[in-house]
Amino acid sequence: MPPAIPTPIYRHAAPSGPWPWMDFDTDSDLTLSRDQPSPASPGTEGPSWRGYPETLFGNWKPDQVKRSKMLSNSSESDTCSVHWLDVLKDGHFTILDEEGRDQTSRITHDRVDEFWVLLQEPRPANIRVRALFVDNLSMSVLQMLGTKYNIEPFFFSSSLNWIPSHYQEEVRPGKGDHITITLPFIRMTQNPVTRPPTPSETPGSGSVRSAHAQYISTDEEQIIDTQAPLSLSCGNILLVDLLAIHMVRDEDSSTIISYHPNSSWRRPSPKRLHFLVYRAGQSVYWQKIFAKSKDPTFLFLAILWYALYSWDQALESLYNHVVFLESKVLSTNKTTLIRQLYIIQAHLLQYQSLLQDFHKSVDFLQNTPNPAMESDDYSPTERKDSVDLMNRECANLLSEIGRLENRRSMQSSRLKNVMDLSFATVNLEDSKHMRDLTEATVRDSGAMKQISYLTMIFLPASFTAAVFGMNVNEISGTKGQETLVHYVATALALTCATSWIVVAWHSDGPFVNGDSTLMERVWWPVFYLLRLFKERQKSLPRFQNTV
């Protein structure tokens, strides 16, 4: 299974913080010598990009770069691929160069200088925005991109540490700016520990019967970690993914960088995202948008729709899983099912926070207009049409996010309902069990009462036999010879006396009730007969009238 993502450290998410990647519980930054040379210092040998980020951002010292894992998590041995996509000024998309070749650069350790030279080449005049989808970002490519486009290091550190963020920097009125969005979202993928589903079991097919055969309930899931993947009954998992996008908006030609570190589990494949964005340019709806507005921010907005589609697919698969668990709760009553419901409920609460971040990112994009649109190259009508179009498209995306939140809330309510049903079933079973125990106790009490009555009858006779069997002169001597008649008379007398006393002091019964006085208890046979006589006298007039 994929490992859980690290807990986001929000204090290191935006460049507005004056102390990037510094912890107050350590003074390692203060003990660094000011004259100590470092690999990132401006005076080192090699190309200018080798000193990034300290050459451009002096507050990013080597210790802070090391702590942020910006460079240490970037490999130098693997091949880094960069997929290019150009949006022309007429609104058309292209992934080919002027000679008709696929614009994909593969940068190895011994060919990094070639990519740097490629970045320095001037762009054709007909390119409105160029998007770079970087796969398996290496340290050299990171430093070259950061140096070429003057990228704030927070973009790379936030991406590597899964920190949601959105901010604007380097605002130049009439010229352009830099905007960054790192957006976590939920994506569905195949569970590596289960068999692949058949076509009839694919998400969205509504197949719940096959889920029962694939779902394996274990008692090992004791810790609820919302950062870890969520296993579903359809053979898939839901995991947290991240879109990391940095855009340099310029009046001449803008640049979008989509950052994808090497990961076989998380982050959408840059090649696939590159193809999907290209397909967005083939859409008639979006072609009209790019043809009507010259604002390159619409390409940024189109990329955010990838996260929305992933959310929709994930919640659809989660719905089938919730339906399966509901059917299991209705047919069985297992503690492991209740644990599974709680795990899903915890993840849904985490999803609520992620959807809020999604909503904030779209709001940020809507409320951060492109300063380059204020240049004299655009007429007031073009600016107004572009702003209205951006507000409309952001409203469409926000409406879809609201639909996702409603769907998530509905699933959370269904989970609460099925959990209440599970607890009600458990309480009903406990009530039936307690009723059976009560009935058994009442039966045992009746049996003990009968035994007590028998003991009350035979106890005086046993006592009399024990007394008469004593070897004393007063009883067995010549003067005290007792006969069987004497024994029977004594036993009967003691039995009657015992019964009289037991009935007299009984709290509630047919002869004496709880309100009886001491006199009524002592002479209970007399009062009982009187009560019967009075009841008989009352019933005689009714009988005579009836006759």
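Quick note: structure is the one above.
Draft legend 1. Representation of the pairing of strand 6 (residues 176-190) in the model. The buried count for strand 6 comes to 13 of 15 residues, which makes it a mostly enclosed element. Across six bridges, strand 5 (residues 165-172) lies against strand 6 in antiparallel orientation. Bridge assignment links His166 to a residue of strand 6, and that residue is Ile181. Linking two consecutive strands that pair antiparallel, namely strand 5 and strand 6, is a turn of three residues; a positive phi of about 80° is found at Gly174 within it. Two elements, strand 6 and strand 8 (residues 236-250), share 15 bridges in a ladder whose sense is antiparallel. Residue pairing for strand 8: Ile186 is matched across the bridge by Val240.

Draft legend 2. Layout of the packing of helix 2 (residues 112-120) against helix 3 (residues 139-148). At a closest axis distance of 10 Å, the pairing of helix 2 and helix 3 adopts a crossing angle of 20°. What the angle tells us is that helix 2 and helix 3 run roughly parallel. Here helix 2 runs over helix 3; the crossing is right-handed. Facing helix 2, whose interface residues are Val112, Phe115, Trp116, Leu119 and Gln120, helix 3 presents Ser140, Val141, Met144, Leu145, Thr147 and Lys148. Partitioning the contact of helix 2 with helix 3 into residue classes produces seven nonpolar, three polar and one charged.

Draft legend 3. Summary view of the packing of aromatic side chains. Going through the model one piece at a time under the given rule, you end up with 14 aromatic pairs. Ring geometry for Phe185 versus Tyr306: centroids 6.0 Å apart, planes at 90°, classification edge-to-face. Placement of Phe185 in strand 6 and of Tyr306 in helix 8 (residues 297-331) is noted, with a sequence separation of 121 residues between them. Classification of Phe185 as buried rests on a relative accessible area of 0%. We classify Tyr306 as buried; its relative accessible area is 15%. For the ring pair Tyr285 and Trp286, a centre distance of 6.4 Å and an interplane angle of 75° mean the geometry is edge-to-face. A relative accessible area of 40% places Tyr285 in the partly exposed class. Members of the aromatic cluster, joined through ring pairs, are Tyr52, Phe57, Phe155, Phe156 and Tyr259.

Draft legend 4. Looking closely at the nonpolar core. Within the largest apolar cluster, 70 residues are counted, with the highest numbers of intra-cluster contacts made by Leu304, Trp311 and Leu318. Ala13, Trp21, Val65 and Ile163 belong to the second largest nonpolar core, which has 36 residues in total.

Draft legend 5. Here's a closer look at the environment of Ser499. Looking at the element boundaries, Ser499 is found in helix 12 (residues 484-504). Owing to a relative accessible area of 23%, Ser499 belongs among the partly exposed residues under this scheme. For the pair Ser499 and Met456, spaced 43 residues apart in sequence, the C-alpha to C-alpha distance is 7.4 Å.

What counts, and where the lines are drawn
Residues numbered from 1 in each chain as written. Predicted model: local features only at pLDDT ≥ 70, side-chain atom pairs only at ≥ 80, totals over all residues. Heavy atoms only, no water. Buried < 20%, exposed > 50% of the residue type's maximum accessible area, 1.4 Å probe, protein only. Helix = DSSP H or I, 4+ residues; strand = E, 2+ residues; numbered from the N terminus. Pairing = 2+ DSSP bridges. Axes fitted to C-alpha atoms, helices over the stretch in contact; angles between N-to-C directions. Parallel < 35°, antiparallel > 145°, perpendicular 65-115°, else oblique. Left-handed = near helix turned anticlockwise from the far one by under 90°. Contact = heavy atoms within 4.5 Å. Nonpolar A, V, L, I, M, F, W, Y, C, P; charged D, E, K, R; others polar. Phe/Tyr/Trp six-rings, centres within 6.5 Å; stacked < 30°, edge-to-face > 60°. Core = buried A, V, L, I, M, F, W, Y, C linked by side-chain atoms within 4.5 Å.

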